[in-house]
Amino acid sequence: MTNERTEQANALMGGLRREAAGRLTVFLGAAPGVGKTFAMLSRARELQRQGVDVVIGIVETHNRGETQAQVQGLPLMPRKQVEYQGRLLEEMDLDALLERRPAVALVDELAHRNAPGSRHERRWQDVEELLDAGIDVYTTVNIQHLESLNDVIYQITGIRVTETVPDSIFDRLRDIRLVDLPARELIERLKDGKVYLPEQAAQALQAFFSPSNITALRELAMQKVAEHVDADLRETLAARGLTGVSIQPHVLIAIDGRGQSDYVVRAGARIAERRGGRWSVVTVDTGRSANAMLQADDLEHDAGHTAAQVEQKRQMELDRAFALARSLGGETEVLYSTDPVQAVLDAAAARNARTIVVGRTRERPFARMFNRTFTQQLLRYGARYELTIVSPPKSRYQERETPGLSGERLGAGELASMLFTVIASTGAAVLSDRYLGLEDVSIVFLVGVLLLASRTRMITAAIAAALCFLPYVYFFIEPRQTWAISAHRGVATVMLFFAAALVAGRLASRLRMQVVALRAANAHATAMQNLGRQLSKAADLSQVIAAGASVLQSTLHAEAWLRIKGETGPVAAANELNDKELAAAGWSEQHGQSCGRFTDTLTNSNWWFLPVHSDQSIIGVVGLRFGTDVARLPFEQRRLAESIVHDIGQAALRTTLVSELEVARVSGETERLRLALLSSVSHDLSSPLTSIISSAGNLERHWQDLSEADRASVLQSIRFEGERLDRYVQNLLDMTRLGQQGLTLTRDHIGIDALVSSASTRLRRYEPQVKIECDVAANLPPLSVHPALIEQALFNVMENAAKFSPPGAPVRVEVRRAEDKWLRIDISDEGPGIPESERRRIFDMYYSVEDGDGNQQGAGLGLTIVQAIIGAHMGKIEALPGPSGKGTTIRISLPLGDEAAAEEVAA
């Protein structure tokens, strides 16, 4: 049920997202010349007759009369001229079209590559921006331009299509219309010159436009339309809750970067698309890449294909394959492990994948015998998965085999290290045999091979072991200085030496690979851990920006600039950005896509801009400027940068939420205090007013009947109640003025003894008979508080304690340092006390203790105001039993100017 509801929610959300943005209609053709543009213009004319605002963004008529006739009468946006290598090229004016904002824009040739210097490298990216702006788009594309079908088209036609469109753009489809012609009619149009010029048509008929090719392309086009219709139906049923699918299938694609990665990615994407499932692409880094790159300085003088050069070529292929996967809508990840098979199986289990797609691996000698090839191990250990082995075209596979051997050539540095090891080991063995009397010098050669294997590849160590075998037999096996071996024991010694050298070299090389792989895996974790430490200390947005910029610069060795919620930094980096680069940053923030260097959008910028995402929106942008020597950004660095930017966004969101929460909390306290004051005014003012009115009336009516002593007593009562009323009114005015200022605390450092003394003196002035016993610990640190408010809070609590204390009983005030970060103030009386069930309610408005402190006198404004004041200072207040079990203790806890204590209370 949960899965069905999730699918229904996802379907509804997908539909809402498409409705909120512009809607895409694609006129899909099986081949050039079938009439896609004509069909699109015909539909546009129908919409125009219906009153829809239709504008031609760009249409290529190719001088075809029928198409040019359809253009007549439709609004046409002027094209933008782009200068390139001294020539003026015409492209669609994207900015003018966005400003015009028609209901429907016609954009021909979706797969077109824009002129260098344009905002986007490809026209489909222009279409995405139009859709994001809420403009409906009608466009045309041929089936051979779909990225996932690139290899299939190559197999069918023998032509590699370079202008491709990612399949992910089809996720935004509102409608897809198949424009088709039978193969015979299309060939007749070619011969009549309605598609190409006669000389071009003749060449096309001999290559691309053969009847078999056209038939295969038509089938692919119809299959694509059928897949969209099927997916649309599934989503519609899911939105209505009519789905029986319990879990979405996942396809895991594993690549190695050795000549067939793009092909495997496309094949796996097609499998996932047919099954309507999600898919991801992984590669396993066993440490060989870093091991090879560490030798780059030693290998730079080798003219052949060195290990570092082969590894660099492999990394470039992986980068292209990962970029292809992301453009097709897949996920990508680099796995770090010395066991590729187990890493792939673990990744499949983590994703709940059902299918694993791999390329056909090259078989090595004896590998089949011992079940050691990658695919054989997957078949053996991954029995519960459906394993799909993709075999690339024969030419590509052969292409992969031959260079693979040349890629194993030893570089100059490796040859030098190997020869030095052999010579040094031989010399050390001679010295050990002659001067140390070492009987078996094979250990000397083994140490040399081990040292070499720990610094180079396994193949280098194996060749070194074979070379060390020769001087060992010649110089140290009887009879010496001959190649003959006299005894069976000598033969066994030689064979065991050779086997031990190979095994030791293999073990040392694997250990090296594990160390390097662990180092590569820990690099990402260390960088993220450092970022986490820096961001955890950031208390506001400016500190988040400073910490993020520092980590980006130190980790990626690039200049960093951040703009989050309008706040920018660092200042030095901000001064380096010109208007053009700021515009690129704004585009990235607006559209939620990376742009600039290392991307296909606004490539003329020297900065790489990445949007900063929160959970549901884009809150900023990050710019990175690498050195001019960085021609390509490795996938690991790109992934690390994106992870850091993501965490920066989450930290910025956290600080923003904390700030907003603090404002809301203070505002809530202010409103609560204001309401307490206004709601309690009648309750706390009615008693003194009633007493004053009653006493004044008695004096007026019975003046002659009262003695002098009675008159003095009534006047004293009026004065006492008037002073009491004055205190309430002053309290009310002070709190109201404070509330109007938004409860802004004007903090100052003051000793608690001064505040207790001031409150005690003030209470004695109003109630001279009260007894107050103060016990303030020595050497207490000063408080950072609003002195007048804390003094008022202490006075209110002491007055309340005096009111409920029996005559002659003291009010005790005890001040201690409870913990390192807190100051505790206990104010106790000896009254009847408060039942435990009602202690929390004494801070409520209108509350009165009927069975505890006797009289029907409530805490009124006093304790309610105290709670608001203490809460505004991030403190705590509570009611406890008296020290000896009699009476009541009001305990006030205030933080000693430490933010950590305040954060603890807030949590």
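Note that the coordinates shown come from a computational prediction; the quantities given were computed from them, not determined experimentally.

Here we come to the sheet that holds strand E22 (residues 822–828). Pairing is mixed across the open sheet formed by five strands, whose spatial order is E19-E21-E22-E24-E23. Edge positions in the sheet fall to strand E19 (772–776) and strand E23 (876–881), since each has one partner strand and no second. Here the average twist between neighbouring strands, direction ignored, is 20°. Relative to strand E24 (residues 888–895), E23 runs antiparallel, the two being bridged by six bridges. By the bridge assignment, Ala879 is partnered in E24 with Ile890. Where helix H26 (residues 752–766) meets the sheet, its contacts fall on E19, strand E21 (811–819) and E22, and the angle it forms with E19 comes to roughly 175°.

Here we come to the packing of helix H14 (residues 340–350) against helix H15 (residues 374–381). Where H14 meets H15, the axes come as close as 10 Å, and the angle between the chain directions of the two elements is 50°. As judged from the angle between their axes, H14 and H15 are oblique. At the point where H14 passes H15, the crossing takes the right-handed sense. Of the residues in H15, those in contact with Pro340, Val341, Val344 and Leu345 of H14 are Phe374, Gln377, Leu378 and Tyr381. Here the residues of the contact of H14 with H15 are counted per class, giving seven nonpolar, one polar and no charged.

With that out of the way, let us pick up unusual backbone geometry. Among all residues save glycine, negative phi is the norm, and among peptide bonds the norm is trans. Cis geometry marks the peptide bond from Gly569 to Pro570, where omega comes out at -10°. Tracing the chain through its elements places Pro570 in the loop between strand E14 (567–569) and helix H22 (571–574). Even without glycine at this site, Asn779 takes up a positive phi of about 60°. Mapped onto the fold, Asn779 is located in the loop between E19 and strand E20 (783–785). Residue Asn779 is classed as exposed on the basis of its relative accessible area of 80%. We note that Met874 has phi near 60°; this positive angle belongs to a residue other than glycine. Assignment of secondary structure puts Met874 in the loop between helix H28 (860–872) and E23.

Note on soluble globular proteins: their nonpolar side chains tend to be buried together. Judged by nonpolar contacts, the single largest core of 40 residues is most densely connected at Ile752, Ile790, Leu794, Val815, Ile825, Ile827 and Ile892. Looking at this core, the elements that each hand over two or more residues are H26, E20, helix H27 (787–804), E21, E22, H28, E23 and E24. When residues no more than four places from it in sequence are discounted, the contact partners of Ile752 are Val776, Leu780, Leu783, Leu794, Val815, Leu823 and Ile825. One finds Leu24, Ala30, Ala105 and Phe170 within the second-largest nonpolar core, a separate group that totals 37 residues.

Thresholds applied
Residues numbered from 1 in each chain as written. Predicted model: local features only at pLDDT ≥ 70, side-chain atom pairs only at ≥ 80, totals over all residues. Heavy atoms only, no water. Pairing = 2+ DSSP bridges. Helix = DSSP H or I, 4+ residues; strand = E, 2+ residues; numbered from the N terminus. Axes fitted to C-alpha atoms, helices over the stretch in contact; angles between N-to-C directions. Contact = heavy atoms within 4.5 Å. Parallel < 35°, antiparallel > 145°, perpendicular 65-115°, else oblique. Left-handed = near helix turned anticlockwise from the far one by under 90°. Nonpolar A, V, L, I, M, F, W, Y, C, P; charged D, E, K, R; others polar. Buried < 20%, exposed > 50% of the residue type's maximum accessible area, 1.4 Å probe, protein only. Core = buried A, V, L, I, M, F, W, Y, C linked by side-chain atoms within 4.5 Å.

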